[in-house]
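# Overview (structure and organization)
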Amino acid sequence: MTSEVEQPEAVSEALGYEQARDELIEVVRRLEAGGTTLEESLALWERGEELAKVCRRWLEGARARLDAALAEEAGPEDADGDGDA
């Protein structure tokens, strides 16, 4: 039973940002449209939460890379420690 829960997460981890975002948009569309059973709605909600986490991790990673690049760019200008740019 544990493998059934872990497998979808592993599949989600392999998704790129755009794939996860597009699938999340589809999940939200289906939830907003209604007409699904309670079980289907709960499954869609859980999938949406999982996809949102994947998107969040991608965005946090991108932010960290951007921050690192900006820090690297700013670092050499003040390498002598005198504060002059």
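Values in this document were obtained by computation on a predicted structure and should not be read as measured data.

## Side note on the overall build of the protein
Secondary structure summary: the protein contains three helices and zero strands in total. Walking the protein from its N terminus toward its C terminus, one meets helices and strands in the order α-α-α. Sequence-distant contacts, at least 24 apart, represent 69% of the contacts inside the protein between residues at least 6 apart. Surface exposure of the protein reaches about 6800 Å², of which carbon and sulfur atoms provide 55%.

## Quick look at the pattern of salt bridges
With the rule as written, the count across this model stands at five salt bridges. For E26, the salt bridge is made with R29, and the minimal N-O distance between the two is 2.4 Å. Of this pair, E26 and R29 both sit in helix 2 (residues 17–33), three residues apart, which is roughly one turn of that helix. For E26, a relative accessible area of 35% corresponds to the partly exposed category. Residue E50 is joined to R47 by a salt bridge in which the shortest nitrogen-to-oxygen separation is 2.9 Å. Here the residue E50 and the residue R47 both occupy positions in helix 3 (residues 38–74), the gap between them amounting to three residues, near one helical turn. Note on E50: relative accessible area 19%, which makes it buried. One continuous salt-bridge network, built from bridges that share partners, spans E23, R47 and E50.

## Brief notes about the environment of V27
Counting through the fold element by element, V27 comes out in helix 2. Sequence separation of V27 and G48 is 21 residues, and the distance between their C-alpha atoms is 6.1 Å.

## So, the nonpolar core
In this structure, L15, A20, V27, L44, L51, V54 and C55 together form the largest nonpolar core, which totals seven residues. When contributions to this core are tallied by element, the ones reaching two or more residues are helix 2 and helix 3. Element by element, the count of residues in this core is highest for helix 3, at four residues.

## Some words on helix 3
The terminal C-alpha atoms of helix 3, which comprises 37 residues, lie 53 Å apart, in line with the 54 Å expected from a rise of 1.5 Å per residue. Those residues of helix 3 that fall on the buried side of the exposure criterion are L44, R47, G48, E50, L51, V54 and C55.

## Some remarks on the confidence of the model for the protein
Mean pLDDT for the protein: 84, with 73% of residues reaching 70 or above. For the protein, the element scoring lowest by mean pLDDT is helix 1 (residues 2–13), at 52; helix 2 scores highest, at 97. Note that residues 1–7 has pLDDT below 50 and, in this model, zero contacts with residues that lie over four places away or in other chains.

The rules we used
- Residues numbered from 1 in each chain as written.
- Predicted model: local features only at pLDDT ≥ 70, side-chain atom pairs only at ≥ 80, totals over all residues.
- Heavy atoms only, no water.
- Helix = DSSP H or I, 4+ residues; strand = E, 2+ residues; numbered from the N terminus.
- Contact = heavy atoms within 4.5 Å.
- Areas by Shrake-Rupley, 256 points an atom, 1.4 Å probe, with all protein chains shown as cover.
- Salt bridge = Lys/Arg side-chain N within 4 Å of Asp/Glu carboxyl O.
- Buried < 20%, exposed > 50% of the residue type's maximum accessible area, 1.4 Å probe, protein only.
- Core = buried A, V, L, I, M, F, W, Y, C linked by side-chain atoms within 4.5 Å.
- Expected span 1.5 Å × (residues − 1).
- pLDDT = per-residue confidence, 0-100.

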